[in-house]
Amino acid sequence: MKTTDYSKLASRYDKNLYRSINVELDPHLKNYIKTNNRTVYDVLDLSCGTGLYLAHQIKHLTEQKINWNGLDASKEMLEKANEKLEKVSLLHGFVEDMPYPAQSFDYIANTYAFHHYRYKEQALDEIYRVLRPNGVYLMHNIAVDDMPRWWLYHYFPTAQNEDQKRFWDKVMIFEQLNERGFKVDVKIDYQLGEVKVADYLPYAENRDISVLTLISDEQYQEGLERMRRDVMDAPDKTVVNDFAEMRCVAKKV
Ligand SMILES: C[S@@+](CC[C@H](N)C(=O)[O-])C[C@H]1O[C@@H](n2cnc3c(N)ncnc32)[C@H](O)[C@@H]1O
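Now for a look at the structure at hand. (Residues numbered from 1 in each chain as written. Predicted model: local features only at pLDDT ≥ 70, side-chain atom pairs only at ≥ 80, totals over all residues.)

1. Quick look at the nonpolar core
Core analysis: the biggest nonpolar cluster contains 61 residues, and Tyr-107, Ile-108 and Tyr-137 have the highest contact counts within it. The biggest single contributor to this core is strand E5 (residues 131–142), with five residues. When sequence neighbours within four positions are dropped, the list of residues in contact with Tyr-137 reads Ile-108, Asn-110, Ile-127, Leu-131, Phe-182 and Ala-250. (Core = buried A, V, L, I, M, F, W, Y, C linked by C-beta atoms within 7 Å. Buried ≥ 20, exposed ≤ 12 C-beta atoms within 10 Å, placed from the backbone. Helix = DSSP H or I, 4+ residues; strand = E, 2+ residues; numbered from the N terminus. Contact = placed C-beta atoms within 7 Å.)

2. Details of the sheet that holds strand E6 (residues 182–196)
Hydrogen bonds along the backbone pair up the strands of a sheet, which may run parallel or antiparallel. Pairing is mixed in the open sheet, where seven strands are placed in the order E3-E2-E1-E4-E5-E7-E6. At either margin of the open sheet sits one strand with a lone partner, and together these are strand E3 (89–92) and E6. Between one strand and the next, the sheet's axes are offset by a mean angle of 15 degrees, whatever the strand orientation. Against the sheet, helix H3 (residues 27–35) touches strand E1 (41–46), strand E4 (105–111), E5 and strand E7 (238–252), its axis set at about 170 degrees to E4. Sheet strands touched by helix H5 (residues 75–84): strand E2 (66–72) and E3. Its angle to E3, the strand with the most contacts, is close to 170 degrees. (Pairing = 2+ DSSP bridges. Axes fitted to C-alpha atoms, helices over the stretch in contact; angles between N-to-C directions.)

3. Some remarks on the packing of helix H10 (residues 197–206) against helix H11 (residues 217–233)
The contact between H10 and H11 brings their axes to 10 Å, and the two run at 150 degrees. With respect to each other, H10 and H11 are oriented roughly antiparallel. Seen from above, H10 lies across H11 with left-handed handedness. Facing Val-197, Ala-198, Leu-201, Ala-204 and Glu-205 of H10, the residues of H11 in contact are Leu-224, Met-227, Arg-228, Asp-230 and Val-231. For the contact of H10 with H11, the per-class residue count stands at seven nonpolar, no polar and three charged. (Parallel < 35°, antiparallel > 145°, perpendicular 65-115°, else oblique. Left-handed = near helix turned anticlockwise from the far one by under 90°. Nonpolar A, V, L, I, M, F, W, Y, C, P; charged D, E, K, R; others polar.)

4. Section: the site of the ligand
Residues in contact with the ligand amount to 20 residues; listed here are only the nearest, Ser-47, Gly-49, Ala-73, Ser-74 and Thr-111. Class assignment for the residues of the shell around the ligand results in 11 nonpolar, six polar and three charged. (Near = placed C-beta within 6 Å.)

5. As for helix H1 (residues 6–13)
Buried within H1 we find Tyr-6, Leu-9 and Ala-10. Down the axis, H1 shows its buried residues gathered within 120 degrees of arc, on one side only. With respect to the buried face of H1, the exposed residues turned more than 90 degrees away are Ser-7, Lys-8 and Arg-12. Where the residues of H1 are buried, they touch H5. (Arc of directions from axis to C-beta.)

In C-alpha coordinates form, the structure reads like this:
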(Lines give C-alpha, C1' and ligand atoms only; values in the text may rest on other atoms or scores of the structure.)
Protein backbone atom coordinates (compact mmCIF):
# COMPACT_ATOMS: atom_id res chain seq x y z
CA MET A 1 0.00 0.00 0.00
CA LYS A 2 1.06 3.59 -0.61
CA THR A 3 1.44 5.93 2.36
CA THR A 4 0.75 9.63 2.79
CA ASP A 5 3.60 12.00 3.57
CA TYR A 6 2.18 14.06 6.43
CA SER A 7 5.22 16.34 6.53
CA LYS A 8 3.80 17.86 3.34
CA LEU A 9 0.19 17.88 4.51
CA ALA A 10 0.60 19.32 8.00
CA SER A 11 0.41 23.00 7.02
CA ARG A 12 -2.94 22.60 5.23
CA TYR A 13 -4.56 19.86 7.37
CA ASP A 14 -6.54 22.19 9.66
CA LYS A 15 -7.65 24.35 6.73
CA ASN A 16 -10.21 21.65 6.01
CA LEU A 17 -12.90 23.04 8.32
CA TYR A 18 -14.95 19.85 8.05
CA ARG A 19 -12.40 18.31 10.40
CA SER A 20 -12.81 20.76 13.26
CA ILE A 21 -16.59 21.14 12.82
CA ASN A 22 -17.07 17.41 13.20
CA VAL A 23 -14.90 16.75 16.23
CA GLU A 24 -17.27 15.56 18.95
CA LEU A 25 -16.99 15.25 22.69
CA ASP A 26 -16.16 11.55 22.59
CA PRO A 27 -19.22 9.80 24.09
CA HIS A 28 -17.22 6.61 24.65
CA LEU A 29 -14.59 8.41 26.68
CA LYS A 30 -17.33 10.13 28.65
CA ASN A 31 -18.96 6.78 29.26
CA TYR A 32 -15.65 5.21 30.30
CA ILE A 33 -15.17 7.92 32.91
CA LYS A 34 -18.76 7.58 34.12
CA THR A 35 -18.52 3.82 34.59
CA ASN A 36 -14.93 3.57 35.89
CA ASN A 37 -14.34 5.54 39.03
CA ARG A 38 -10.65 6.45 39.26
CA THR A 39 -8.78 9.34 40.79
CA VAL A 40 -6.70 9.81 37.62
CA TYR A 41 -7.26 8.65 34.04
CA ASP A 42 -4.49 8.11 31.48
CA VAL A 43 -5.71 8.82 27.96
CA LEU A 44 -3.78 8.44 24.71
CA ASP A 45 -4.74 9.95 21.38
CA LEU A 46 -2.96 7.54 19.07
CA SER A 47 -1.88 9.24 15.82
CA CYS A 48 -3.06 12.51 17.26
CA GLY A 49 -2.10 14.50 14.16
CA THR A 50 -2.59 18.24 14.70
CA GLY A 51 -4.36 17.62 18.02
CA LEU A 52 -7.97 18.28 16.99
CA TYR A 53 -9.44 15.46 19.09
CA LEU A 54 -7.36 16.28 22.17
CA ALA A 55 -8.12 20.01 22.05
CA HIS A 56 -11.85 19.31 21.97
CA GLN A 57 -11.88 16.73 24.77
CA ILE A 58 -9.67 18.86 27.02
CA LYS A 59 -11.99 21.83 26.57
CA HIS A 60 -15.03 19.83 27.68
CA LEU A 61 -13.72 17.34 30.24
CA THR A 62 -12.60 19.73 32.94
CA GLU A 63 -13.95 18.04 36.08
CA GLN A 64 -11.78 14.91 36.07
CA LYS A 65 -8.06 14.55 36.52
CA ILE A 66 -6.85 13.25 33.19
CA ASN A 67 -3.29 12.81 31.98
CA TRP A 68 -3.51 13.56 28.26
CA ASN A 69 -1.05 12.00 25.81
CA GLY A 70 -0.60 12.17 22.05
CA LEU A 71 1.61 10.07 19.79
CA ASP A 72 2.23 10.61 16.10
CA ALA A 73 4.68 9.52 13.41
CA SER A 74 4.89 12.99 11.87
CA LYS A 75 6.96 15.68 13.57
CA GLU A 76 5.26 18.34 11.45
CA MET A 77 1.78 17.25 12.57
CA LEU A 78 2.99 17.24 16.19
CA GLU A 79 4.30 20.79 15.81
CA LYS A 80 0.79 21.87 14.82
CA ALA A 81 -0.63 19.97 17.81
CA ASN A 82 1.84 21.66 20.10
CA GLU A 83 0.60 25.09 18.95
CA LYS A 84 -2.93 24.38 20.18
CA LEU A 85 -2.35 22.19 23.25
CA GLU A 86 -1.07 22.83 26.74
CA LYS A 87 -0.21 20.26 29.39
CA VAL A 88 -0.32 17.34 26.96
CA SER A 89 2.53 14.90 26.67
CA LEU A 90 3.18 14.73 22.92
CA LEU A 91 5.61 12.12 21.62
CA HIS A 92 6.99 11.33 18.22
CA GLY A 93 6.74 7.60 17.55
CA PHE A 94 5.13 4.77 15.64
CA VAL A 95 2.11 2.73 16.57
CA GLU A 96 3.92 -0.48 15.66
CA ASP A 97 6.50 0.12 18.41
CA MET A 98 5.10 2.53 20.97
CA PRO A 99 7.43 4.24 23.45
CA TYR A 100 5.27 3.35 26.48
CA PRO A 101 5.49 0.60 29.10
CA ALA A 102 2.84 -2.12 29.13
CA GLN A 103 -0.54 -1.17 30.64
CA SER A 104 0.02 2.60 30.54
CA PHE A 105 -3.45 3.74 29.45
CA ASP A 106 -7.09 3.49 30.46
CA TYR A 107 -8.40 4.75 27.15
CA ILE A 108 -6.92 5.01 23.64
CA ALA A 109 -8.63 7.06 20.95
CA ASN A 110 -7.58 6.47 17.36
CA THR A 111 -9.35 8.72 14.89
CA TYR A 112 -9.06 8.58 11.08
CA ALA A 113 -5.67 6.88 11.24
CA PHE A 114 -5.83 3.08 11.22
CA HIS A 115 -5.84 2.80 7.41
CA HIS A 116 -2.46 4.59 7.36
CA TYR A 117 -0.70 1.83 9.26
CA ARG A 118 1.42 -0.41 7.09
CA TYR A 119 1.67 -3.12 9.80
CA LYS A 120 -1.85 -3.25 11.16
CA GLU A 121 -1.57 -6.52 13.08
CA GLN A 122 1.52 -5.27 14.87
CA ALA A 123 -0.35 -2.03 15.65
CA LEU A 124 -3.16 -3.99 17.33
CA ASP A 125 -0.65 -6.03 19.36
CA GLU A 126 0.88 -2.80 20.59
CA ILE A 127 -2.49 -1.25 21.42
CA TYR A 128 -3.34 -4.35 23.46
CA ARG A 129 0.03 -4.16 25.24
CA VAL A 130 -0.19 -0.51 26.34
CA LEU A 131 -3.85 -0.68 27.40
CA ARG A 132 -4.76 -1.62 30.99
CA PRO A 133 -7.15 -4.49 31.72
CA ASN A 134 -10.72 -3.18 31.29
CA GLY A 135 -9.28 -0.31 29.24
CA VAL A 136 -11.02 0.81 26.07
CA TYR A 137 -9.69 1.30 22.56
CA LEU A 138 -11.83 3.42 20.23
CA MET A 139 -11.18 3.15 16.52
CA HIS A 140 -13.13 5.87 14.73
CA ASN A 141 -12.83 6.06 10.97
CA ILE A 142 -14.68 6.28 7.71
CA ALA A 143 -15.93 2.91 6.46
CA VAL A 144 -15.04 3.03 2.79
CA ASP A 145 -16.62 -0.35 1.96
CA ASP A 146 -19.97 1.13 2.85
CA MET A 147 -19.55 4.27 0.75
CA PRO A 148 -19.08 3.30 -2.91
CA ARG A 149 -20.91 6.45 -4.02
CA TRP A 150 -18.73 8.92 -2.09
CA TRP A 151 -18.44 12.23 -4.00
CA LEU A 152 -14.67 11.82 -3.95
CA TYR A 153 -14.79 8.48 -5.82
CA HIS A 154 -17.18 10.04 -8.33
CA TYR A 155 -14.63 12.64 -9.38
CA PHE A 156 -11.43 10.71 -8.56
CA PRO A 157 -12.28 7.07 -9.37
CA THR A 158 -8.74 5.69 -8.94
CA ALA A 159 -8.85 6.81 -5.30
CA GLN A 160 -11.25 3.96 -4.57
CA ASN A 161 -8.63 1.36 -5.60
CA GLU A 162 -6.08 2.97 -3.31
CA ASP A 163 -8.51 2.92 -0.40
CA GLN A 164 -9.36 -0.74 -1.00
CA LYS A 165 -5.68 -1.54 -0.55
CA ARG A 166 -5.28 0.26 2.80
CA PHE A 167 -8.59 -0.04 4.68
CA TRP A 168 -9.62 -3.20 6.54
CA ASP A 169 -13.34 -3.89 6.38
CA LYS A 170 -15.47 -4.01 9.53
CA VAL A 171 -15.47 -7.81 9.79
CA MET A 172 -11.69 -7.98 9.60
CA ILE A 173 -11.41 -5.27 12.25
CA PHE A 174 -13.86 -7.10 14.49
CA GLU A 175 -12.13 -10.46 14.11
CA GLN A 176 -8.59 -9.16 14.56
CA LEU A 177 -9.53 -7.35 17.77
CA ASN A 178 -11.66 -10.21 19.02
CA GLU A 179 -8.93 -12.81 18.63
CA ARG A 180 -6.54 -10.62 20.65
CA GLY A 181 -8.91 -10.70 23.64
CA PHE A 182 -10.97 -7.56 23.12
CA LYS A 183 -14.73 -7.44 23.56
CA VAL A 184 -15.75 -5.57 20.42
CA ASP A 185 -18.74 -3.47 19.42
CA VAL A 186 -18.83 -1.98 15.91
CA LYS A 187 -21.35 0.64 14.84
CA ILE A 188 -21.66 2.26 11.42
CA ASP A 189 -23.51 5.53 10.82
CA TYR A 190 -24.62 5.69 7.21
CA GLN A 191 -25.95 8.61 5.17
CA LEU A 192 -27.14 8.62 1.57
CA GLY A 193 -28.24 11.81 -0.11
CA GLU A 194 -27.27 14.48 -2.59
CA VAL A 195 -24.55 17.07 -2.06
CA LYS A 196 -23.78 20.29 -3.89
CA VAL A 197 -20.55 19.91 -5.82
CA ALA A 198 -19.60 23.56 -5.15
CA ASP A 199 -19.55 22.83 -1.40
CA TYR A 200 -17.02 20.04 -1.85
CA LEU A 201 -14.72 21.75 -4.36
CA PRO A 202 -12.69 23.53 -1.62
CA TYR A 203 -11.95 20.15 0.03
CA ALA A 204 -10.70 18.76 -3.26
CA GLU A 205 -8.66 21.90 -3.91
CA ASN A 206 -7.01 21.74 -0.47
CA ARG A 207 -5.89 18.16 -1.26
CA ASP A 208 -5.60 17.30 2.43
CA ILE A 209 -7.78 14.18 2.19
CA SER A 210 -5.00 11.62 2.24
CA VAL A 211 -6.18 9.47 -0.64
CA LEU A 212 -5.92 12.47 -2.98
CA THR A 213 -2.17 12.40 -2.36
CA LEU A 214 -1.98 8.72 -3.32
CA ILE A 215 -3.36 9.10 -6.85
CA SER A 216 -1.15 10.61 -9.55
CA ASP A 217 -1.01 14.38 -10.05
CA GLU A 218 -2.54 13.81 -13.49
CA GLN A 219 -5.51 11.86 -12.08
CA TYR A 220 -5.94 14.50 -9.39
CA GLN A 221 -5.90 17.40 -11.88
CA GLU A 222 -8.32 15.60 -14.18
CA GLY A 223 -10.85 15.12 -11.38
CA LEU A 224 -10.42 18.67 -10.14
CA GLU A 225 -10.99 20.09 -13.61
CA ARG A 226 -14.14 17.99 -13.94
CA MET A 227 -15.44 19.35 -10.63
CA ARG A 228 -14.61 22.94 -11.59
CA ARG A 229 -16.30 22.55 -14.98
CA ASP A 230 -19.43 21.07 -13.39
CA VAL A 231 -19.64 23.97 -10.93
CA MET A 232 -19.07 26.53 -13.68
CA ASP A 233 -21.73 24.99 -15.95
CA ALA A 234 -24.28 24.58 -13.16
CA PRO A 235 -23.44 26.24 -9.82
CA ASP A 236 -26.20 24.28 -8.05
CA LYS A 237 -25.26 20.92 -9.48
CA THR A 238 -25.57 18.00 -7.05
CA VAL A 239 -24.23 14.46 -7.05
CA VAL A 240 -25.42 11.44 -5.14
CA ASN A 241 -23.16 10.86 -2.16
CA ASP A 242 -22.90 8.29 0.56
CA PHE A 243 -20.87 8.50 3.72
CA ALA A 244 -20.27 5.97 6.47
CA GLU A 245 -18.50 6.43 9.78
CA MET A 246 -17.42 3.52 11.92
CA ARG A 247 -16.99 3.63 15.67
CA CYS A 248 -15.44 0.45 16.96
CA VAL A 249 -15.27 0.21 20.74
CA ALA A 250 -12.94 -2.54 21.94
CA LYS A 251 -12.61 -3.36 25.64
CA LYS A 252 -9.56 -5.28 26.85
CA VAL A 253 -11.03 -8.04 29.01
C1 LIG B 1 -5.65 11.52 8.90
S2 LIG B 1 -4.45 11.88 10.12
C3 LIG B 1 -5.49 11.80 11.57
C4 LIG B 1 -5.01 12.73 12.64
C5 LIG B 1 -5.95 12.88 13.83
N6 LIG B 1 -6.14 11.62 14.52
C7 LIG B 1 -7.27 13.47 13.41
O8 LIG B 1 -8.31 12.83 13.63
O9 LIG B 1 -7.29 14.59 12.88
C10 LIG B 1 -3.50 10.39 10.24
C11 LIG B 1 -2.32 10.50 11.21
O12 LIG B 1 -1.74 9.20 11.39
C13 LIG B 1 -0.35 9.38 11.57
N14 LIG B 1 0.34 8.10 11.31
C15 LIG B 1 0.47 7.47 10.14
N16 LIG B 1 1.17 6.34 10.29
C17 LIG B 1 1.49 6.24 11.60
C18 LIG B 1 2.19 5.28 12.39
N19 LIG B 1 2.71 4.19 11.83
N20 LIG B 1 2.30 5.48 13.71
C21 LIG B 1 1.77 6.60 14.28
N22 LIG B 1 1.08 7.53 13.59
C23 LIG B 1 0.94 7.37 12.27
C24 LIG B 1 -0.01 10.48 10.57
O25 LIG B 1 1.24 11.10 10.85
C26 LIG B 1 -1.19 11.42 10.71
O27 LIG B 1 -0.95 12.44 11.65
